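Overview (structure and organization)
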Amino acid sequence: MGSREYLGEFEQVVLLALARLDEGGHGAAIHAEILAASGRDVSIPAVYVTLKRMEGKGLVASRVETPAEGGRARKVYTLLPDGHAALLRSRELFDRLWAGARIRTGGAS
Amino acid sequence: MKARPPAWSRALLGRLSSPSERDYVLADLDEAFARIAEESGVAAARRWYRGQALRSLPLLSARLVDLARGSVASDLRGAIRVARRRPLYAAGVAGTLGLGLSSAIVLGGIAWRVWLRPLPFPDSEQLVRIYELGRPDEVGARDRGRISPPLLRDLRETEWTHFTGFAALSRSSPEWELDGELQQLQGLEVSPGFFDLMGMVPLLGRASWDSRNNAEVPEVVLSEAFWRRSFGGDPAVIERSIDLGGRPHAIRGVVRLEGGYPTPVDLLTPLVFEDRRLGEGMRGARYLEVVGRLGPQSTLEAASAEFAAFIEALGPDHPMHRGWTGEAVSLRDDLTGPFRDVLRLLLAAGVAFLALALVNVVGLASIRTLERRHEIGVRLALGASAGRVARGAWVEGAFLGAVGGAGALVVALVLLPASIDWLPPDLARSSEVGLSWGGALLWWIGSVGIGGVVGLLGHRPAPAHAELRTGMRSSRGGARGAFLVSGQLALTTLLVAVGTLVFERSRELASHDVGFRADHVYTSFVSLPRTTHDDWEARRDGWGAMLDHLEGAGIVAALTTNPPMSGANANYGFRRPGAESESFGQYSIVSPDYFRVMGIPILHGRTFEPGEAGPVTLISETLAEGHFPGEDPVGQTVSILQEEHTVIGVVGPTSHFGPDAPPPPSMYVSFEATTWAFAHLVAQGEASVAERLVDAITRIAPGASPPIVNPYETYLSDWFRPLRIQLGIVGVLGIVGGVLAGLGLYTTVAFQVRGRLPELGIRVALGATRGRILSSVVRGGLIAAGVGLAVGLGGWWASRGALGEVLGTPGAALSPSALTATVALILVLSLTAVALPALRASRADPVTTLRSG
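Residues numbered from 1 in each chain as written. Chains lettered and ligands numbered in written order. Predicted model: local features only at pLDDT ≥ 70, side-chain atom pairs only at ≥ 80, totals over all residues. Heavy atoms only, no water.

By size, the foremost hydrophobic cluster in this structure holds 35 residues, and its most contacted members are Trp 543, Met 546, Leu 681 and Leu 693 of chain B. The element contributing the most residues to this core is helix 20 (residues 689–700) of chain B, with five residues. Contact partners of Met 546 of chain B, with chain neighbours within four places excluded, come to Val 526, Leu 528, Leu 681, Ala 696, Ile 697, Ile 700 and Ala 701 of chain B. Membership of the second largest hydrophobic core comes to 33 residues, among which are Leu 7 and Leu 59 of chain A together with Val 25 and Leu 26 of chain B. (Core = buried A, V, L, I, M, F, W, Y, C linked by side-chain atoms within 4.5 Å. Buried < 20%, exposed > 50% of the residue type's maximum accessible area, 1.4 Å probe, protein only. Helix = DSSP H or I, 4+ residues; strand = E, 2+ residues; numbered from the N terminus. Contact = heavy atoms within 4.5 Å.)

Here it is, written out as structure tokens:
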């Protein structure tokens, strides 16, 4: 990802949820994290599509894990350094924009 | 029992996920579903699951893009590979599709733009033209007449059930004086209510006449083209005045004239009638073009019947309408004039050729499927799904359809604009023929889809295998192919038969004696400026000076108001004293040398003397034979327009309406007796005469519209144009039909040969000679050709009546030579198409065919 490129809103949501999971996480865990932190019920297939795109850009990495207790294999994603950098860049952009913005909080007068 | 997520939602979610992620996504969804079911109950979990499916729907477009990038792209690469490896097959499919599509786009496009496309007026399908229909002739045909001023008044004063109104139009040539220069303009006089009836909205000002001020302040509405050309599109032009014919006219508005009706003119003025034009004697002056609007619930048939009944009811009180009836025709249809049958033929041919091309492409694709049967079998055995193989066929067809469609569009984009020159200029809307970029894009997308569907239809692995096993001779596919080929050959036979009919008819008409000479005769329509020639004497002197000027230059020239085959038609009443009823014939005002210039023989008596202004007339031989049988008409009298005229001579008959119509009775009166403001100047001589005519016209009548001189033969060639177009169309259709039928025959026989190769191999192994095999295949092809020929000739026989009516050849009889030519052409075509597969069959190698079969 070039230094001038920024993350989209849904990309930020997914990567931030992944950043909150210490050991990385699979789709259901990311979905649950987003739901718990924001109350937003996102589409699990959309989470996977986003992660696949981020993986193509080198922001996340994936590995397949089979649970020791058995059951289906899971695809577990972890955030890479470039992913962290992309999140920080996006945050800085918003911080700079927020700093100069005069937002009325009391409604229109 | 373990709760399960909703099956449809699960299937959808699976489809929406990419194959590499699908298992993980479904596993995660199941995990979340189980957790929610445990926490909030199964119903909540199922609701959540359905919500996931709905929320994931936007991924559909991403999946489609993936698909296009992946497997469809690989299919496309496969299709391109096929085109490279089998260029003949690919060119055959793309070329045939292109031929069918270009036929449909060009032929259908012309018919759409010129005929079927709605006119640019609100509820335009409710607009009609009305005509009076004359007394039936001996075969029951009636001449179409326009509407006279008194009849228009009657129409407007009547309460109608099926019409909401009528409006009349009449051509005019107003003179515009600008800075001392006189210009003759193209004008149209339109009756009050015309703009409302048509639903025309002005670009500027208003489009209506102020009836209260009509007499005091003449009004004019400008056409947009004239407004832009002469006033630079200045909006301040409204209520300014323009000097027309020496009188200032108030400019009321500007209208856009488009869509072929009315014919574009410079300006429109009110159509008003002096009382003398509304008298009983003017009921025969049928010169007004009248449009009507049907009521919202009324049908054309009901309105036409109401109008016909109205005219028929006038008969008892008004002799000029006795025996007449009337009809209303759709304005859109009417604008196509005599070319409607040609347009219908074009449209039908466009559709038929597209259908034939598609059938043939299915045939070609079927042969290809047969040839690929081993490869397809291997792919199926290796696990490819039937759907995957079918998709390959679809993509291959769509690719060739895209190529064929692009070729067809190139042909259409060249041919459609070129056809404007080729279409008759008097066909309204012919200048609008063309193809928009949007239309081209739609056609191209359509051709991709059509190619794909045809590719799928040709891809029938199972039947193909079955046909291989059972042999082709008795298979349903073979029978169907032979049936289609016979149908195509029948159509081609019919087209060839029609082509020879039209050709023979053109030759016959071209050699017909029309009763006058057109070679070395030049003509120009002249309208004397009213400003300088406003009374009878001025006009007579003007015409006289013009003829004298030409005579001084050594040119024999004459004047006529009604030249034959020019499209002019002055059908006036005449009556022999004592005759029970009035008869009708062509009325011409001519100068003494008219008959000499036109080579019309004076059979008896004499022509007019110079300056002869008395009530005398020359009549045609047709009139003499019909009304003075066995008598000498010279010296007798005939009443023309209620005035007694003495017959001073009899002239030869002329084919006034063309060589296909019998010469009408004609009467000629002297220019010295009744001089009109316009006439056709005719002169004999070589090409240099044209310049002399222009010189004489501009010298004697400065300000007359710029003189245009044409060889008189132009009238004849204009008359023959529809016939030539018909011949051209039938010729092109015959060629396209022949190519398609030949291709169809080739594919069917090639398909059958391919299927019969094992059998042919065995026959060769058992001692059958190559010649026998060759003749058996040729025989099979020729049987289909024979059936097609018989059906085509049967079709011609059955439709002789209708064909004769359309082509103007009663009975549509084929001469022996035309019949022989038709049969020979179809047989040669069939033999050519069968030759290649027959040769291939005769070379069947028993070892190879048995091993691979």
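Glancing now at the interface of chain A and chain B. Taken together, the contact between chain A and chain B spans 20 residues of the former and 21 residues of the latter. Interface area, chain A with chain B, both sides summed: about 1700 Å², of which 55% is carbon and sulfur. Counting every contact that joins chain A to chain B gives three salt bridges. Across the pair Glu 21 of chain B and Lys 75 of chain A runs a salt bridge whose closest N-O atoms are separated by 2.9 Å. Here chain A is connected to chain B by 14 residue pairs in polar contact (both at pLDDT 80 or more). (Buried area = accessible area lost by both parts, 1.4 Å probe. Salt bridge = Lys/Arg side-chain N within 4 Å of Asp/Glu carboxyl O. Polar contact = N/O pair within 3.5 Å; in protein donor to acceptor, adjacent residues only side chain to side chain.)

This brings us to the pattern of salt bridges. All chains considered together, the criterion is met by 32 salt bridges over all chains. Close ionic contact of Arg 40 of chain A with Glu 9 of chain A constitutes a salt bridge, the shortest N to O distance being 2.9 Å. Of this pair, Arg 40 of chain A sits in the loop between helix 2 (27–38) and helix 3 (44–56) while Glu 9 of chain A sits in helix 1 (residues 9–20); the two residues are 31 residues apart in sequence, bridging distant segments of the chain. Judged by relative accessible area, Glu 9 of chain A falls into the exposed class, the value being 51%. Residue Arg 117 of chain B is joined to Glu 432 of chain B by a salt bridge in which the shortest nitrogen-to-oxygen separation is 2.4 Å. Note that Arg 117 of chain B is positioned in the loop between helix 5 (87–116) and strand 1 (127–133) and Glu 432 of chain B in the loop between helix 13 (386–422) and helix 14 (437–458), a separation of 315 residues in sequence. Overall, the relative accessible area of 23% leaves Arg 117 of chain B in the partly exposed class. Here Glu 432 of chain B falls in the partly exposed class, since its relative accessible area comes to 23%.

This part covers unusual backbone geometry. Residues and elements named next belong to chain B. One non-glycine residue, Arg 429, lies in the positive phi region at around 70°. The residue Arg 429 is located in the loop between helix 13 and helix 14 in this model. Owing to a relative accessible area of 4%, Arg 429 belongs among the buried residues under this scheme. Of note, His 520 is a non-glycine position whose phi angle comes to about 60°, a positive value. Mapped onto the fold, His 520 is located in the loop between helix 16 (476–510) and strand 14 (521–527).

Moving on to helix 24 (residues 816–842) of chain B. Relative to the 39 Å expected for 27 residues at 1.5 Å per residue, helix 24 of chain B spans 37 Å between its end C-alpha atoms, a close match to the ideal helical length. Maximal helix bending in helix 24 of chain B amounts to about 40°, located at Ala 835 of chain B; proline Pro 837 of chain B follows within four positions. (Expected span 1.5 Å × (residues − 1). Bend = angle between axes of the 7 residues up to and from the residue.)

Moving on, we come to the packing of aromatic side chains. Residues and elements named next belong to chain B. Under the counting rule described, the total for this entry stands at 23 aromatic pairs over all chains. Each ring, one from Trp 160 and one from Phe 307, has its centre 6.5 Å from the other, and the planes form 40°; the classification is tilted. Note that Trp 160 is positioned in the loop between helix 6 (149–156) and strand 3 (163–172) and Phe 307 in helix 9 (residues 300–314), a separation of 147 residues in sequence. Phe 307 shares its class with Trp 160; the two are buried. Ring geometry for Tyr 594 against Phe 595: centres 5.4 Å apart, planes inclined by 70°, an arrangement best described as edge-to-face. Judged by relative accessible area, Tyr 594 falls into the buried class, the value being 1%. (Phe/Tyr/Trp six-rings, centres within 6.5 Å; stacked < 30°, edge-to-face > 60°.)

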